Amino acid sequence: MRTAPAVTIGISLKMYLGHHQTLNWSRRIAAIAGRHPAVTTGLAELFVLPSFPALVPVASIVAGSGVRVGAQDLAAEDAGPYTGEVSGAHLKEIGCDYAEVGHAERRRLFGEGDTVVAAKTAAALRNGLTPVLCVGELNQTSRDDAAARTVAELERLLYGLTGPVVVAYEPQWAIGAPRPASTEHIRTVCAALSDWLAGRAEFAGGRVIYGGSAGPGLLGDLGTDAGGLFLGRFAHDPAAVETILDEALALHGAAAEGASV
Ligand SMILES: O=C(CO)COP(=O)(O)O
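So, how was this worked out
- Residues numbered from 1 in each chain as written.
- Predicted model: local features only at pLDDT ≥ 70, side-chain atom pairs only at ≥ 80, totals over all residues.
- Heavy atoms only, no water.
- Axes fitted to C-alpha atoms, helices over the stretch in contact; angles between N-to-C directions.
- Helix = DSSP H or I, 4+ residues; strand = E, 2+ residues; numbered from the N terminus.
- Parallel < 35°, antiparallel > 145°, perpendicular 65-115°, else oblique.
- Left-handed = near helix turned anticlockwise from the far one by under 90°.
- Contact = heavy atoms within 4.5 Å.
- Nonpolar A, V, L, I, M, F, W, Y, C, P; charged D, E, K, R; others polar.
- Disulfide = S-S within 2.5 Å.
- Buried < 20%, exposed > 50% of the residue type's maximum accessible area, 1.4 Å probe, protein only.
- Pairing = 2+ DSSP bridges.
- Near = heavy atom within 4 Å.
- Polar contact = N/O pair within 3.5 Å; in protein donor to acceptor, adjacent residues only side chain to side chain.
- Areas by Shrake-Rupley, 256 points an atom, 1.4 Å probe, with all protein chains shown as cover.
- pLDDT = per-residue confidence, 0-100.
- Phe/Tyr/Trp six-rings, centres within 6.5 Å; stacked < 30°, edge-to-face > 60°.
- Lys NZ or Arg CZ within 6 Å of the ring centre and 35° of its normal.

Observations concerning the packing of helix α1 (residues 19-35) against helix α3 (residues 55-62)
Remark: α1 packs on α3, axes separated minimally by 9 Å, with the N-to-C direction vectors making an angle of 20°. The angle between α1 and α3 places the two elements in the roughly parallel class. Considering how the two elements wind past one another, α1 and α3 form a crossing that is right-handed. Taking contact as the criterion, the partners of His 19, Thr 22, Leu 23, Ser 26, Arg 27 and Ala 30 in α1 are, on α3, Pro 57, Val 58, Ile 61 and Val 62. Per-class residue counts for the contact of α1 with α3 are 6 nonpolar, 3 polar and 1 charged.

Right, dumping it as structure tokens:
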């Protein structure tokens, strides 16, 4: 069994960058990760999710830097007549460790519902990929209501499955917004999701991270309720990623000191 790192930082490039921009960005991220103590000590795991055509070159750019690579989507099936789809088996073969499933944009713009998301989560696990499973309420609501809805959603999507998952709590109303959800909101929902995961041995190694307009300055406020961040726009500047790794190191140092008293 693989133990979860203290902090997980994921970055989805969505469809923002061109191919060469993606490669240049990846070179800068690899350089930062390769020398940053948060990554070199194994405290933080950093993964990047570029567009499909960039996966192979990005995997080779980040090799040896500690950065892992994954896809933003995968097919529910492993092989066959599925025009335009990319299978989990293929992703694994080219060096992916992660596959994102259930992002709000795929649900809203491409009609993916719970059945498809659950099938894609199963496909990722079946092929040895860690699913980055996005969950989160559609509309702004109280933090307790959001926690109840999101835990129920996770339970539905993971029914019958086994394996380590990264649960990305992304309140849909906080994606693409000027700022993230409130600290109290994020902490309440992430703690509820973490409790749910922790009580289930079949998901050992699982983690809960927060996404939705996340950027520098947030991680330290989340304490240990969230196991990290899932970044979008605010990771386009590699310097922001370095700042967040600094924050991960500071947070872990504080948590370790707290545990020893
Ligand atoms: O959806 C997200 C990550 O997948 C978050 O994106 P933004 O941080 O750009 O809102």
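Continuing now.
What to know about the state of the cysteines
A covalent bond bridging the sulfur atoms of two cysteines is what the word disulfide describes. Going through the model one piece at a time under the given rule, you end up with 0 disulfides. Counting only cysteine sulfurs, Cys 134 is the nearest neighbor of Cys 96, a cysteine outside any disulfide, at a range of 16 Å. Look at Cys 96 and you get buried, because its relative accessible area is 2%. Counting only cysteine sulfurs, Cys 190 is the nearest neighbor of Cys 134, a cysteine outside any disulfide, at a range of 12 Å. By relative accessible area, Cys 134 is classed as buried at 2%.

Observations regarding the environment of Ser 182
In this structure, Ser 182 sits in the loop between β6 (166-169) and α8 (183-198). Classification of Ser 182 as partly exposed rests on a relative accessible area of 36%. In this structure, the C-alpha to C-alpha distance between Ser 182 and Arg 143, residues 39 residues apart in sequence, is 9.4 Å.

Remarks on the pairing of strand β1 (residues 7-12)
In terms of residue burial, β1 counts as a mostly covered element, since 6 of its 6 residues are buried. With burial as the criterion, each face of β1 is covered, one bearing Val 7, Ile 9 and Ile 11 and the other bearing Thr 8, Gly 10 and Ser 12. In the sheet, β1 pairs with strand β2 (residues 44-49) via 6 bridges, with the strands oriented parallel. By the bridge assignment for β2, Ile 9 is matched with Leu 46. Strand direction decides the pairing type here: β1 and strand β8 (residues 228-231), joined by 4 bridges, are parallel. For Ile 9, the partnering residue across the bridge sits in β8 and is Leu 229.

Observations regarding the site of the ligand
All residues in the neighbourhood of the ligand are listed as Ser 12, Lys 14, His 103, Glu 170, Ile 175, Gly 176, Gly 212, Ser 213, Ala 214, Phe 230, Gly 232 and Arg 233. With respect to the ligand, the side chain of His 103 contributes an N or O atom lying 2.6 Å from an oxygen atom. Here an oxygen atom of the ligand sits 3.4 Å away from a polar atom, N or O, in the main chain of Gly 232. For the ligand, whose unbound accessible area comes to 300 Å², protein coverage reaches 100%. Of the residues belonging to the shell around the ligand, the class tally is 3 nonpolar, 6 polar and 3 charged.

A short note on the confidence of the model for the protein
In the predicted model, the protein carries a mean pLDDT of 95, and the fraction of residues at 70 or more is 95%. Across the assembled chains, the prediction reports ipTM 0.99 with pTM 0.96.

Points about the packing of aromatic side chains
Geometrically, a pair of aromatic rings is defined through the distance of the ring centres and the angle of the planes. Under the criterion given, the structure shown has 4 aromatic pairs. Each ring, one from Phe 47 and one from Phe 230, has its centre 6.2 Å from the other, and the planes form 40°; the classification is tilted. Pair noted here: Phe 47 is in strand β2 and Phe 230 is in strand β8, with a separation of 183 residues, a long-range link. The class for Phe 230 is buried, based on a relative accessible area of 3%. Through a chain of ring-to-ring contacts, the aromatic side chains of Phe 47, Tyr 98 and Phe 230 assemble into a single cluster. Between the NZ or CZ atom of Arg 106 and the centre of the ring of Phe 110, over which it lies, the distance is 4.3 Å.

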